[in-house]
Amino acid sequence: MDDWLETCNTTCDVYVFGFQEVVPLRAANVFGCENKKITMQWNSIIREALNKKECKEKKGQNSSSSGDWNSFESEKSDSQKFRCIISKQMVGILISVWIRSDLLSFVRNPSVSCVGCGIMGCLGNKGSVSVRFRLHEKSFCFVCSHLASGGRGGDEKYRNSNAAEILSRTIFPRGPSLDLPRKILDHDRVVWLGDLNYRISLPESDTRLLVDKEEWNALLENDQLRTKLKDGQVFEGWQEGTIEFAPTYKYCPNSDSYYGNFGSRKGDKKRSPAWCDRIIWFGEGLKQQLYARGESKLSDHRPVKAIFSREMKISRKLKEFQSFFWSERFEQMTHSFDIHSADDFKCNARTSFQI
């Protein structure tokens, strides 16, 4: 987790973690009660990685010559710790959202909605766990999903159906003032992440040959999700960043080799390489800074991550300026303020998200 987050080099304001198959998809797990121990274990690992003291000290030493602002940040180090604002598991799907402590007072109305699309069309071995909250008057929704598998021709229709079901059946509470969005697409900013399971519509031999040559563009021209993003049938208005990394699925256990590269046993399912693991977004104002994959061998998938930034205008009374300044990062502030005035003022504040 430390290597994956790179918290010593990159610190964001909000971290959203999405997992699939955190438990084996056996009948006992699908039909049984939620195993909260698994969620607690993952959140403990995340908490330790985000709040590593030695990492923060190293960062402070490296920036000690940058003037009074770094001294100011050092004094506020306690408020830079990360807290979990919402976490939810449905069978093997787990989402966990963490935010800097000094931004907690700006977060309101966190809630969750689960949709099962698996066995009998309703169980949680496939489906989504979605969370939403408001941050600085803007609503954010994050959808963590595990869609239908299958690499045969036509199997993508089951994934399309799952996605349509998730968009249709995900419903959030209106909130005390009855003014909060209820549906996924009603939110200001939406990010969809997880094992979307879309494959490459080419013969297996052609796919493997293009992967060996690292001809990503040729493969992406036949990528099922890219096709759906273009035709707008399921994901109308959604966007995805440029993919410049190798397919994330399917790897041999604890190996850098794709499954099937060295032959397979008779009766084994064929698993052509594919970009099953994706992050897409909906809504204006999100700017993607990074889209990459990791090299952890914990799974037969490789994890993916993205970093987004969002600039927002926020009004605050001048008497609240000090606490506001502690809570936001500014690239540049060019306005001068009359400290005797009681009027509101507006500043451009940037909030960064790592998915």
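Here the structure is a predicted model, which is why all the values come from computation and not from measurement.

Peer 1: Please explain helix α3 (residues 36-50) as it appears in this structure.
Peer 2: The terminal C-alpha atoms of α3 lie 21 Å apart, and with 15 residues this matches the ideal 21 Å at 1.5 Å per residue to within 8%. Along α3, the residues that are buried comprise I38, T39, W42, N43, I46, A49 and L50. The buried side chains of α3 occupy one side of the element, clustering within an arc of 125° when seen end-on. Every exposed residue of α3 that faces more than 90 degrees away from the buried side is listed here: K36, K37, M40 and E48.

Peer 1: Is there a simple way to explain the sheet that holds strand β9 (residues 277-282) in this structure?
Peer 2: Within a sheet, neighbouring strands are paired by backbone hydrogen bonds and run either parallel or antiparallel to one another. Taken in spatial order, the six strands line up as β4-β5-β6-β7-β9-β8 in an open sheet, and their pairing is mixed. Among the strands making up the open sheet, the edge pair consists of β4 (107-116) and β8 (239-240). The strands touched by helix α6 (residues 156-169) within the sheet are β4, β5 (127-135), β6 (138-146) and β7 (189-195), with β4 carrying the most contacts at an inclination of about 135°. In this fold helix α9 (residues 224-231) packs onto β8 and β9, with an angle of close to 15° to the strand it touches most, β9.

Peer 1: Would you mind showing me how to read helix α7 (residues 204-212) here?
Peer 2: Helical geometry: 3.6 residues make up each α-helical turn, so side chains three or four residues apart lie on a common side. For α7, the set of buried residues is T207, R208, L210 and V211. All buried residues of α7 fall inside an arc of 165° around its axis, so they share one side. Residues S205 and D212 are exposed on α7 and point more than 90 degrees away from its buried face. Buried residues in α7 make contact with α8 (216-220). One or two residues past the end of α7 sits E214, with phi positive at roughly 55°.

Peer 1: How do you make sense of the packing of aromatic side chains when you look at a structure like this?
Peer 2: Two aromatic rings, taken as a pair, are described by how far apart their centres are and by the angle between their planes. All chains considered together, the criterion is met by 16 aromatic pairs. Relative to F353, the ring of F140 lies with its centre 4.9 Å away and its plane at 35°, an arrangement referred to as tilted. Here F140, found in strand β6, pairs with F353, found in strand β12 (residues 344-354); they are 213 residues apart in sequence, far enough to count as distant. Just as F140 is buried, F353 falls in that class too. Note on W216 and W275: the rings are 6.1 Å apart at their centroids and 85° apart in plane angle, and the pair reads as edge-to-face. Highlighted residues: W216 in helix α8 and W275 in the loop between β8 and β9, separated in sequence by 59 residues. Here a set of aromatic residues connected by ring pairs shows up, and it is made of W192, Y198, F235, W238 and F282. Between the NZ or CZ atom of R302 and the centre of the ring of Y251, over which it lies, the distance is 3.9 Å.

Peer 1: Explain the environment of N35 to me, please; I cannot follow it from the model alone.
Peer 2: Here N35 lies in the loop between α2 (27-31) and α3. A relative accessible area of 34% means that N35 is categorised as partly exposed. C-alpha separation for the pair N35 and V23, spaced twelve residues apart in sequence, amounts to 8.8 Å.

Peer 1: Looking at this structure, I do not really get the state of the cysteines. What am I missing?
Peer 2: Covalently bonding the sulfur atom of one cysteine to the sulfur atom of another cysteine gives a disulfide. Scanning the model with the defined rule gives zero disulfides in all. No disulfide involves C117; its sulfur sits 9.5 Å from that of C122, the nearest cysteine.

Peer 1: How do you make sense of the environment of G237 when you look at a structure like this?
Peer 2: Tracing the chain through its elements places G237 in the loop between α9 and β8. Separated by 44 residues in the primary sequence, G237 and W281 place their C-alpha atoms 8.8 Å from one another. Leave out the neighbours within four places in its chain, and G237 touches W281 and F282.

Each value, and the rule that gives it
- Residues numbered from 1 in each chain as written.
- Predicted model: local features only at pLDDT ≥ 70, side-chain atom pairs only at ≥ 80, totals over all residues.
- Heavy atoms only, no water.
- Helix = DSSP H or I, 4+ residues; strand = E, 2+ residues; numbered from the N terminus.
- Expected span 1.5 Å × (residues − 1).
- Buried < 20%, exposed > 50% of the residue type's maximum accessible area, 1.4 Å probe, protein only.
- Arc of directions from axis to C-beta.
- Pairing = 2+ DSSP bridges.
- Contact = heavy atoms within 4.5 Å.
- Axes fitted to C-alpha atoms, helices over the stretch in contact; angles between N-to-C directions.
- Phe/Tyr/Trp six-rings, centres within 6.5 Å; stacked < 30°, edge-to-face > 60°.
- Lys NZ or Arg CZ within 6 Å of the ring centre and 35° of its normal.
- Disulfide = S-S within 2.5 Å.

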